[in-house]
2 protein chains.
Amino acid sequence: MAQPTDRPRRATIFDVAAEANVSRGTVSRVLNGEPYVSDTAREAIELAIARVGYVRNMAARNLVTQRTHAIGLIVHEPHSVFLEDPNIGAILLGTNERLSLEDYQLVCLIIGSDRDSARVADYLRGGFVDGVIIISAREYDPISLAIAEIGLPAVFVGHPLSQPDIHYVGIDNRSAARDITARLLGTGRQRVGMLAAALDRDSGAERLAGFRDALGDRFDPELVVSHPLYSRANGAEGMRALLDRAPDIDGVFAASDAIAAGAMDVLRERGRRVPEDVGIVGFDDSDWALRCQPELSTVRQPADLLGMAAASMVLDLVNGKQPANQGSLLPTEIQWRGSA
Amino acid sequence: MAQPTDRPRRATIFDVAAEANVSRGTVSRVLNGEPYVSDTAREAIELAIARVGYVRNMAARNLVTQRTHAIGLIVHEPHSVFLEDPNIGAILLGTNERLSLEDYQLVCLIIGSDRDSARVADYLRGGFVDGVIIISAREYDPISLAIAEIGLPAVFVGHPLSQPDIHYVGIDNRSAARDITARLLGTGRQRVGMLAAALDRDSGAERLAGFRDALGDRFDPELVVSHPLYSRANGAEGMRALLDRAPDIDGVFAASDAIAAGAMDVLRERGRRVPEDVGIVGFDDSDWALRCQPELSTVRQPADLLGMAAASMVLDLVNGKQPANQGSLLPTEIQWRGSA
DNA sequence: GGACGTTCTGTGCACGTTCACAGAAATATC
DNA sequence: GATATTTCTGTGAACGTGCACAGAACGTCC
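Below is a short write-up of the structure.

Parameters and conventions
- Residues numbered from 1 in each chain as written.
- Chains lettered and ligands numbered in written order.
- Predicted model: local features only at pLDDT ≥ 70, side-chain atom pairs only at ≥ 80, totals over all residues.
- Buried ≥ 20, exposed ≤ 12 C-beta atoms within 10 Å, placed from the backbone.
- Helix = DSSP H or I, 4+ residues; strand = E, 2+ residues; numbered from the N terminus.
- Pairing = 2+ DSSP bridges.
- Near = placed C-beta within 6 Å.
- Axes fitted to C-alpha atoms, helices over the stretch in contact; angles between N-to-C directions.
- Contact = placed C-beta atoms within 7 Å.
- Right-handed = clockwise from strand over helix to strand, strands pointing away.

**With respect to the pairing of strand β5 (residues 167-171) of chain B**
All names here are of chain B.
Stage number 1. Taken across its five residues, β5 has five buried, putting it largely inside the fold.
Stage number 2. The alternating pattern of β5 places H167, V169 and I171 and Y168 and G170 on opposite faces, both of which are buried.
Stage number 3. As judged from the three bridges shared by strand β4 (residues 154-157) and β5, these two strands associate in the parallel manner. The residue of β5 that forms the bridge with V155 is H167.
Stage number 4. Relative to strand β11 (residues 327-330), β5 is paired through four bridges, and the arrangement is parallel. Residue pairing in the sheet places Y168 in a bridge with G327 of β11.

As structure tokens, then:
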């Protein structure tokens, strides 16, 4: 029955000072590892701290230092993101690991509704965190606007379109898409289409651009189908459309592994063999890729490194250091498997 | 270049009071929606707030109220959990949704290492949250011990064994196991076995008990194989053992979907058709279920509802209300698909 | 022995709120 | 019109810390 009310009063810095027969100031100094405190005093204080079971009251500390040693990580649109995107977990872990090195606490905030958005904005305004990292936000999102207005140090993972002055980390979707498409073409495919998605987002638009780069003159807009979401169902639907438009299609670049999985379902259903009749490549290297039959060739994002890079950048900003550059794009890696 | 240092001094409650020609106290009252403030004063204050762009300083508020209106959600062992368990995302969203209704902020904390564990414990001690929800912790975890020591209101999702005095939410593994076994029997199976797992955990033991309940007199201990872990490999091994002991087996209840997947591998290998020769059902409704061929009949956990229930419970605790009961078990739902 | 630097310690103030209390103003009651 | 009651407002005192400053203790050097 640990109700808030019957918890005993917590020991304060005063209690420690009294126990150790010194003043608050001296206690504060050993707490913060400052010089100029005698060995005898330090020992007495450390003993006293242990004896009275003292822990710092962070609210009080934050009030005066204006720092919390916490970084917020905002996960936007979690319904589509959390349950489908396998990279997000890895980004989270990477961020956590990097912040951990500097003893910063990662606090993850979820925005699923407008109400959440407003509340999170209040939370950020409230000074609970020193900086934020934002995953999968868009530029016109209320939360992005709020962050700008608050003036909180912020780093976007996968930067939104048309905001050149924000800090970000991401991958070079365009050249990754170009590279894997080129490799697919290298297997001798003649009619190659794309199952695009989320063209209103940076990632989606760039992947399409990269596909186009690789095809050059051979690019045929008829062979591009697009959906708003990176889902298996959309992949299936898109693949049906592609087959209807171009029965002779022999190569597909899917904008995500989930889409590729849906496409492969349809190909099997229609009796096309992979990779003999149709070669297919995906994007993300999620666990879909290994569970497909045959295993999917795809682009691996260094999601954990992305998280770490974002963390490093936000730490720089928080400490007043301007990061080396505005944004950083991390290299991707092609995982070539049996599907093409 | 929004560096911390050049941000202008934030407006305080004093500024608002001066602007509106009233006192701090009155401003505080309208801020907190308290009665006994005149309409004229209220209007003047609201205007002033907007004019000076005032937002409350939460650190200061927390210092005096000893409340933060935030609830921590601790995700433990994220490497295994985040990337594999699809239920966790749903629990998170459910929790967030419920807390949102009461204007509580959910902050998610990740523990991936001992260092994280200690830092999170400090964070909790620091009073940044009013209560915690813990996912997938065990009773001897350092963080569980720390929480107990701090005396913070806490709710476990999926409660650990042998701690009768903690609050928890979970599912009724026993009756869910009974129900799905009964349904499997309903398809006319004569010789039904179980691939059990993790009998040292609450969930594992209860699933076996439910299986036994459903079989009644027909229960044959020879037809139960058990392993310590819910893994695909264990499922395969167990299925081999079952087939050796009882070649005429025609039904299997697997304690998890991963186990069922392993079992189906072996059945295919041995030339038994599913569901014609052997019917099989699983537990969890993870994404294994939909990727099996045929799709797996399984027990769906109401993960979002679990999150909501945990949130409700922790809110009760935080507000000093003793929840109706120590724990609550939520009903599950059978997803009936092609495997039985 | 006095002046001086170094190391150490104690004290007042500020951070921005909420809360309890006292008192003023307005309204109701006799 | 005096008194009781309700509604409204202002003020002082916390909450627990960090920081700047003043000063004490101690040793060093002329």
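**A look at the protein's contact with DNA strand C**
Stage number 1. By nearness alone, 26 residues border DNA strand C, and S23, G25 and A41 of chain A together with I13 and N57 of chain B come closest of all.
Stage number 2. Mapped onto the surface near DNA strand C, the elements with two or more residues apiece are α2 (24-31) and α4 (58-65) of chain A together with α2 (24-31) and α4 (58-65) of chain B.
Stage number 3. In terms of residue count, the dominant contributor to the surface near DNA strand C is α4 of chain B (five residues).

**Quick notes on the sheet that holds strand β8 (residues 251-254) of chain B**
Residue and element names in this part refer to chain B.
Stage number 1. Overall, parallel pairing links the four strands, which are arranged β7-β6-β8-β9 in an open sheet. Among the strands making up the open sheet, the edge pair consists of β7 (224-227) and β9 (279-281). This sheet shows a mean twist of 15° between the axes of neighbouring strands, independent of strand direction.
Stage number 2. Taken together, the three bridges between β8 and β9 define a ladder with parallel strand orientation. Across the sheet, residue V252 finds its bridge partner in β9, namely I280.
Stage number 3. Packing against the sheet, helix α12 (residues 257-269) makes contact with β6 (192-197), β8 and β9, and its axis sits at approximately 145° to β8.

**As for the pairing of β7 of chain B**
All names here are of chain B.
Stage number 1. Side-chain alternation along β7 places V225 and H227 on a buried face and V224 and S226 on a face that remains uncovered.
Stage number 2. Across four bridges, β6 lies against β7 in parallel orientation. Residue A197 lies in a different strand from β7, and its bridge partner there is H227.
Stage number 3. A crossover links β6 with its parallel partner β7, the connecting element being helix α10 (residues 202-215), and its sense is right-handed.

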